[in-house]
Each structure stands twice: as structure tokens, then as C-alpha cells.
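Secondary and tertiary structure notes
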Amino acid sequence: EAHDVQRLHKLLTASSSSNVASASTSDSRLETLYSKFGIAEIICDGKLIIMKEPSAQEDEGYQPFNGRLGKLRYLGLAVTAAAGAVAADLVQLVLQFPTTQSSNHDSLGSRGNRSPISFPILYGHVLAHVIAALCASCGRARARSDSLEVVWPVPFSRRGSFISDNLENKQPVDSVAEDCDGFIKLGWLARTLQVMLGKIEMNGLNNVPGVDIVPFVIKTLHKIRQRETTNPSGNSDIENEWILSCLDLLDTALRKNQSAVNTQNVPENEHVENAIIERFQEGCKVAAAESCSFLSDFGAIVQVLL
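Residues numbered from 1 in each chain as written. Predicted model: local features only at pLDDT ≥ 70, side-chain atom pairs only at ≥ 80, totals over all residues. Heavy atoms only, no water.

Focus on the nonpolar core
- Formed by 31 residues in total, the largest nonpolar core has its most connected members in Met-202, Leu-221, Leu-250 and Phe-280.
- Of all the elements in the fold, those that place two or more residues in this core are helix H6 (172–200), helix H7 (202–205), helix H8 (213–230), helix H9 (237–253) and helix H10 (270–305).
- Beyond its immediate sequence surroundings of up to four residues, Phe-280 is in contact with Met-196, Leu-221, Ile-224, Ile-243, Cys-246, Leu-247 and Leu-250.
- Judged by nonpolar contacts, the second largest core, of 26 residues, contains Ala-83, Leu-186, Ala-190 and Ile-301. (Core = buried A, V, L, I, M, F, W, Y, C linked by side-chain atoms within 4.5 Å. Buried < 20%, exposed > 50% of the residue type's maximum accessible area, 1.4 Å probe, protein only. Helix = DSSP H or I, 4+ residues; strand = E, 2+ residues; numbered from the N terminus. Contact = heavy atoms within 4.5 Å.)

Structural notes on the environment of Glu-201
- Relative to the helices and strands, Glu-201 is located in the loop between H6 and H7.
- Of the residues examined, Glu-201 reaches a relative accessible area of 45% and is grouped as partly exposed.
- Taking C-alpha positions, Glu-201 is 8.4 Å from Arg-279, a pair spaced 78 residues apart along the chain.

Notes on the state of the cysteines
- Taken as a whole and assessed by the stated rule, the structure comprises zero disulfides.
- No disulfide involves Cys-135; its nearest neighbouring cysteine sulfur is the one of Cys-138, lying 6.8 Å away.
- Looking at Cys-135, the relative accessible area reads 7%, which means it is buried.
- The cysteine Cys-246 is free of any disulfide, with Cys-284 supplying the nearest cysteine sulfur at 4.0 Å. (Disulfide = S-S within 2.5 Å.)

Focus: the pattern of salt bridges
- Tallying each qualifying case throughout the model produces twelve salt bridges.
- Put simply, Lys-199 and Glu-282 hold a salt bridge, and the shortest N to O gap is 3.2 Å. Separated by 83 residues along the polypeptide, Lys-199 in helix H6 and Glu-282 in helix H10 bring together distant segments of the chain.
- The partly exposed category is assigned to Lys-199, whose relative accessible area is 29%.
- Its salt-bridge partner being Glu-268, residue Lys-219 comes within 3.0 Å of it at the nearest N-O pair. Of this pair, Lys-219 sits in helix H8 while Glu-268 is found in the loop between H9 and H10, placing the two residues 49 residues apart along the sequence. (Salt bridge = Lys/Arg side-chain N within 4 Å of Asp/Glu carboxyl O.)

Considering unusual backbone geometry
- Positive phi is not limited to glycine here, since Asp-45 has a value of about 60°.
- Here Asp-45 lies in the loop between strand S1 (39–43) and strand S2 (48–51).
- Positive phi, close to 55°, is recorded for Glu-201, a residue that is not glycine.

Comments concerning the packing of aromatic side chains
- For the coordinates displayed, the defined rule picks out three aromatic pairs.
- Plain terms: the ring middles of Phe-294 and Phe-298 are 4.8 Å apart, the flat faces sit at 55° to each other, and that makes the pair tilted. Note that Phe-294 and Phe-298 are positioned in helix H10 at a spacing of four residues, about one turn of the helix. In this structure, Phe-294 and Phe-298 share a single accessibility class: buried. (Phe/Tyr/Trp six-rings, centres within 6.5 Å; stacked < 30°, edge-to-face > 60°.)

A closer look at the pairing of S2
- Every second residue of S2 is oriented toward a common face, the buried set being Ile-49 and Met-51 and the non-buried set Leu-48 and Ile-50.
- The sheet contact formed by S1 and S2 spans four bridges and is antiparallel. For Glu-41, the partnering residue across the bridge sits in S2 and is Ile-50.
- Here S1 hands over to S2 after four residues, with Cys-44 in that stretch at a positive phi of 55°. (Pairing = 2+ DSSP bridges.)

Focus on the packing of H8 against H10
- The geometry of H8 relative to H10 is characterised by a closest axis approach of 10 Å and an angle of 65° between their N-to-C directions. Judged by the sense of rotation from one axis to the other, the crossing of H8 with H10 is right-handed. Each of Phe-216, Val-217, Thr-220, Leu-221, Lys-223, Ile-224 and Arg-227 in H8 lies in contact with H10, whose residues at this interface are Val-272, Glu-273, Ile-276, Ile-277, Phe-280 and Gln-281.
- Looking at the contact of H8 with H10, its residues break down into eight nonpolar, two polar and three charged. (Axes fitted to C-alpha atoms, helices over the stretch in contact; angles between N-to-C directions. Left-handed = near helix turned anticlockwise from the far one by under 90°. Nonpolar A, V, L, I, M, F, W, Y, C, P; charged D, E, K, R; others polar.)

Structural notes on the side chain of His-129
- Relative to the helices and strands, His-129 is located in helix H5 (residues 126–142).
- Given the relative accessible area of 19%, His-129 is considered buried.
- Apart from residues no more than four positions distant in its own chain, His-129 is found in contact with Val-94, Ile-121 and Gly-124.

Notes on the side chain of Asp-251
- For Asp-251, the location among the structural elements is in helix H9.
- Accessibility expressed as a relative area gives 12% for Asp-251, which makes it buried.
- Once residues lying within four places of it in the same chain are set aside, the contact partners of Asp-251 are Ile-218, Leu-221 and His-222.

Remarks on the packing of H5 against H10
- H10 packs onto H5 with a crossing angle of 25° between their chain directions and a minimal axis gap of 11 Å. As summarised for this structure, H5 and H10 are arranged roughly parallel, according to the angle between their axes. Read as a crossing pair, H5 and H10 show a hand that is right-handed. Here H5 contributes Val-126, Leu-127, Val-130, Ile-131, Leu-134, Cys-135, Cys-138 and Arg-142 to the contact with H10, which in turn contributes Phe-294, Asp-297, Phe-298, Ile-301, Val-302 and Leu-305.
- Each residue belonging to the contact of H5 with H10 can be placed in one class, and the counts come to twelve nonpolar, no polar and two charged. (Parallel < 35°, antiparallel > 145°, perpendicular 65-115°, else oblique.)

As C-alpha cells, then:
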């Protein structure tokens, strides 16, 4: 539904700019589109949907269920209600957090040199995993019966709704918002990392004779960081900061810890190094676009669920 309204909004905007139609006619068409989908406006160059806010004059201040997107709130309520009874189990199923705070990274065993953030959502549809976690968090807040309460050994946030301690002056909606915010951040990191690793395509470089690809990639990333620090390739401070953030994310994902990978004795291979640098640069651009798309999707999803 969100993609449909974005597509129609783009067509109407392009049509109004190319035709000599009056401004009132163009505004009328947009208002009709907004009313049909039950939204207030679309901002950020047609990427972010803003739904209508509750009004004390309409529906006694409850969330409006008007329009195609507004009616999805009925589906959201049903899904979150079903998820609330098994909230902790559902979140663990889709995200597989460590069950203890002192979990050792070495327990990854044969999974290789990856940080826990890479599993399991890195190998799946990140959007679906995070939506399941959001439904669990929202459903848990709606589950008021003691029989539905599940004690979770590790809190999802310091003040999240999954903490069993009674916190004074704490509204449930605040805790739900914090949990959802944390899940979306985790999903955003995973989606960005998914794109970056996909573009570098380390499996395809594993066939190079005499090259241990993981240490080689880490060494190449260090060279890129040194170059970006002294001679930034971005056109602005934001682009430079994004490139450095991608470097940090990749370096963290490829290591178990700082001493696990020795890059001192990694042989030089200019051809492979240039290939990695080129793929990294392309990956940064694609990851930026995918990050914007990921966040715009959740902008609509969160407004439906909360």
C-alpha cells in the first residue's frame, strides 16, 4: 500500500509539473489521493508517508482507521495481539539475541569471523525479521493479563517494555517506542551490512591463489581508511562520514575481536586490492540508497503498528 501511494504521488507530481494545470486542480488531486489512502502528506521527495494524527474531535482521540493505509491498522492490531502471547520467544526466533549478557563470541564456532550482528537476519529478509520483532514488542505492551507475561532474561533496552522491573513514572508507550527504535536500528545496520558484503562478494574472491580473503579484505579496508582520513573522496562531510561508517561496520563484522585477524603477514595483490576498493565504493553508494528505502518503509510500518 505504501509503495502504491508513493507511485501515484510521483505520477501526480510529475503530471502537475509538466502540464499547465492550475495549482488548485493539482492540490485537489493530491487531497483526493491522501483521503483515499488515509494519510496526511508525503514528504522527503515522495519517500516518507505521514499518516493522520489522532484528533479529539474525531473518534474520541483514537488512531484513525480511514483509507487503505488506515484500515491496515486492523490487521496490525490482530497481528500484534497474537504476537503478544509469545513475544519473547518470537523476538528470539527472528533475531537470536545472546541469552546471557556475558555471551562469548567464540561460541559462534564454525560460523567464521563474523560478529553476532550478522546472524541470523543477515541471511534473511531483514524487513520481515524486524517487523516480527516490532509486532512482538507492540503486542507485549497490549498483553495486560498476568498469564501472558513472559520473563525475558536479557532486557531489550535499559528501559524497554521487556524488563520485568517496575519503573515509576514510566509510560508503556515510551518503552514500546524505545524497543521499536532499537529493533529498527539493528535492522538498519544489518541491511547496510548485507548490501556491503554482497557488493564486495568475498566468496568470489576466495578462489584467488595464495590469498586468505578475510585478512586481505580487512587490510584493504585499513588502507581505504587511511586514504579517506588524509584525502577524503566524498563531496561533503556527510558523504565522508558515511564512508567511514561503512568501514567501521565492515571491520566490526569481519572480526571476532581486535586480535583475531593478523594482517601483518598478508601478501600484496594489487589486482585483488583494486577490485575490493572498487566494490567498496560502489557498495557505499548502493547501501546509502537502500538505507533510505529501508527507513522510509519503516516510517509507514511504525505508524500503522503504534
